[in-house]
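Structure assessment
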Amino acid sequence: MRIARFTTGDEPMYGVVTGEVDEFGQPSDDTVVVALAGDPLYVGVKLLDQQYRLEDVRLLAPVLPRSKVVGIGRNYAAHAAEMGNDLPTEPLMFLKPNTSVVGPNDPIFYPRQTQDLHYEGELAVVIGRICRDVPPEQATDVIHGYTIANDVTARDLQKSDVQFTRAKGFDSFCPLGPWIETDLDPQTFIDGVRIQTHVNGDVRQDGTTADLIFDIPTLIAHVSSVMTLLPGDVILTGTPEGVGPMEVGDEVEVSIAGIGTLTNKVAQR
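These notes cover the structure that comes with them. (Residues numbered from 1 in each chain as written. Predicted model: local features only at pLDDT ≥ 70, side-chain atom pairs only at ≥ 80, totals over all residues. Heavy atoms only, no water.)

On a plain count of helices and strands, the protein chain comes out with 6 helices and 20 strands. By the compact-globule yardstick of 18 Å for 269 residues, the protein chain fits well, its C-alpha radius of gyration being 17 Å. In terms of its C-alpha atoms, the protein chain occupies a principal-axis envelope of roughly 55 × 45 × 30 Å. For the protein chain, with 269 residues in total, the buried portion stands at 55%. In the structure as shown, the protein chain presents an accessible area of about 11,400 Å², 47% of it carried by carbon and sulfur atoms. (Helix = DSSP H or I, 4+ residues; strand = E, 2+ residues; numbered from the N terminus. Rg over C-alpha atoms; globule rule 2.2 N^0.38 Å. Buried < 20%, exposed > 50% of the residue type's maximum accessible area, 1.4 Å probe, protein only. Areas by Shrake-Rupley, 256 points an atom, 1.4 Å probe, with all protein chains shown as cover.)

Taking burial as the measure, the 9 residues of helix 6 (residues 216-224) include 8 buried ones, the bulk of the element. All of the buried residues in helix 6 are Ile216, Pro217, Leu219, Ile220, Ala221, His222, Val223 and Ser224. Looking at the buried positions of helix 6, the neighbouring elements they touch are strand 6 (69-73), strand 7 (92-96), strand 11 (121-127), strand 12 (143-150), helix 5 (186-191) and strand 17 (234-236). (Contact = heavy atoms within 4.5 Å.)

With 29 residues, the main nonpolar core has Leu123, Tyr146, Ile216, Ile220 and Ile235 as its most contacted residues. Every element with two or more residues in this core is listed here: strand 6, strand 11, strand 12, helix 6 and strand 19 (251-256). A per-element tally of this core places helix 6 first, with 4 residues. Those residues within four positions of Ile220 in sequence are excluded, and the remaining contacts are Val125, Ile127, Val134, Ala139, Val142, Ile143 and Ile235. Ala154, Leu157, Ala167 and Met246 belong to the second-largest nonpolar core, a separate cluster that totals 14 residues. (Core = buried A, V, L, I, M, F, W, Y, C linked by side-chain atoms within 4.5 Å.)

A cis amide bond links Gly177 with the next residue in sequence, Pro178, at an omega value of 0°. Along the polypeptide, Pro178 turns up in strand 14 (residues 174-181). Backbone geometry places Arg74, a non-glycine residue, at a positive phi of 55°. Looking at where Arg74 falls in the secondary structure, it is placed in the loop between strand 6 and helix 2 (77-82). Given a relative accessible area of 29%, Arg74 falls into the partly exposed group.

So, about the packing of aromatic side chains. Taken as a whole and judged by the stated rule, the model has 4 aromatic pairs. Where Phe170 meets Phe173, the ring centres are 5.1 Å apart and the plane angle is 50°; that geometry is what we call tilted. Directly above the ring of Trp179 sits Arg2, whose terminal nitrogen or CZ lies 5.9 Å from the centroid. We note Lys168 situated over the ring of Phe164; from NZ or CZ to the ring centre the distance is 5.8 Å. (Phe/Tyr/Trp six-rings, centres within 6.5 Å; stacked < 30°, edge-to-face > 60°. Lys NZ or Arg CZ within 6 Å of the ring centre and 35° of its normal.)

This brings us to the sheet that holds strand 18 (residues 244-245). Across the sheet, 3 strands lie side by side as 13-10-18; this open sheet has antiparallel pairing. If you trace the sheet from one side to the other, it starts and ends with strand 13 (153-154) and strand 18, each paired once. Two strands pair when backbone bridges link them, and strand 10 (residues 117-119) and strand 18 are joined in this way by 2 bridges, in the antiparallel orientation. Residue Tyr119 lies in a different strand from strand 18, and its bridge partner there is Gly244. (Pairing = 2+ DSSP bridges.)

The subject of this paragraph is the pattern of salt bridges. Applying the stated criterion across every chain yields a total of 11 salt bridges. Measuring nitrogen to oxygen at the nearest pair gives 2.9 Å for the salt bridge that ties Asp56 to Arg53. Overall, the relative accessible area of 46% leaves Asp56 in the partly exposed class. (Salt bridge = Lys/Arg side-chain N within 4 Å of Asp/Glu carboxyl O.)

For the rest of this paragraph, the subject is the environment of Gly249. Mapped onto the elements, Gly249 comes out in the loop between strand 18 and strand 19. For Gly249, the residues in contact, after removing those within four places along its chain, are Asn200 and Val266.

Time to look at the sheet that holds strand 9 (residues 108-110). In spatial order, the strands read 9-20-19-15-16; together these 5 strands make up an open sheet with mixed pairing. With partners counted over all chains shown, the strands left at the sheet margins are strand 9 and strand 16 (202-208), one partner each. Strand-to-strand twist in this sheet, taken as the mean axis angle between neighbours without regard to direction, amounts to 20°. In this sheet, strand 20 (residues 260-268) lies alongside strand 19 in antiparallel orientation, the contact comprising 6 bridges. Bridge pairing in strand 20 places Ile256 opposite Gly260. (Axes fitted to C-alpha atoms, helices over the stretch in contact; angles between N-to-C directions.)

Following this line, the structure appears as structure tokens:
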């Protein structure tokens, strides 16, 4: 099930995307959004008698994290190597504020404080209920679904600050979308799901989740051993190799097979 958050110009609504959508999120002419009676994280999936053509709505970030976005660094060996870092012995965590979240086609603002803004295409896990100390074998019980993220990073600030808060925490530095896919199993990503990032149509990242150092159940267990996870919290699972700079005017597309494509343009702040 693909759950979207959208607007027709009025208040945001939630809906289920039905109809044919290819693996890169391109809809067919009969793709519609059937409205839901509130946020399914809290009221369940209750369909209303309203539907809209997908092309007639504006998609928003499919989830507004209640408290946090938890990033995982260096979770692909080739990416760790390209950044000149050793492989972590346990998941490397950092936080992005929920104010960094934007949706599909929203601008990524280039801050004046940086001269080296990078894209990082990633698989994102959306948490479905309050949880703490989740064993890996019970991770599926707390997953609401999966979406796509761009873990935007001011690379020069990351290097100068050492820690990641400023470099990854600016407003608009966490695009999410286009919707949440609820029907995927963590084993799917162990077997391998393709992740690609295009900048102005050129492939910059082309990886697979089979190369994750720490799989999704391990990440959920590790993060929840440190902090309570709340419904709507998001875990970013790391980025494949091929990260690089974005400039004002660039269009960045992150595609994950089985989910769709998240598109954003870079704008001057």
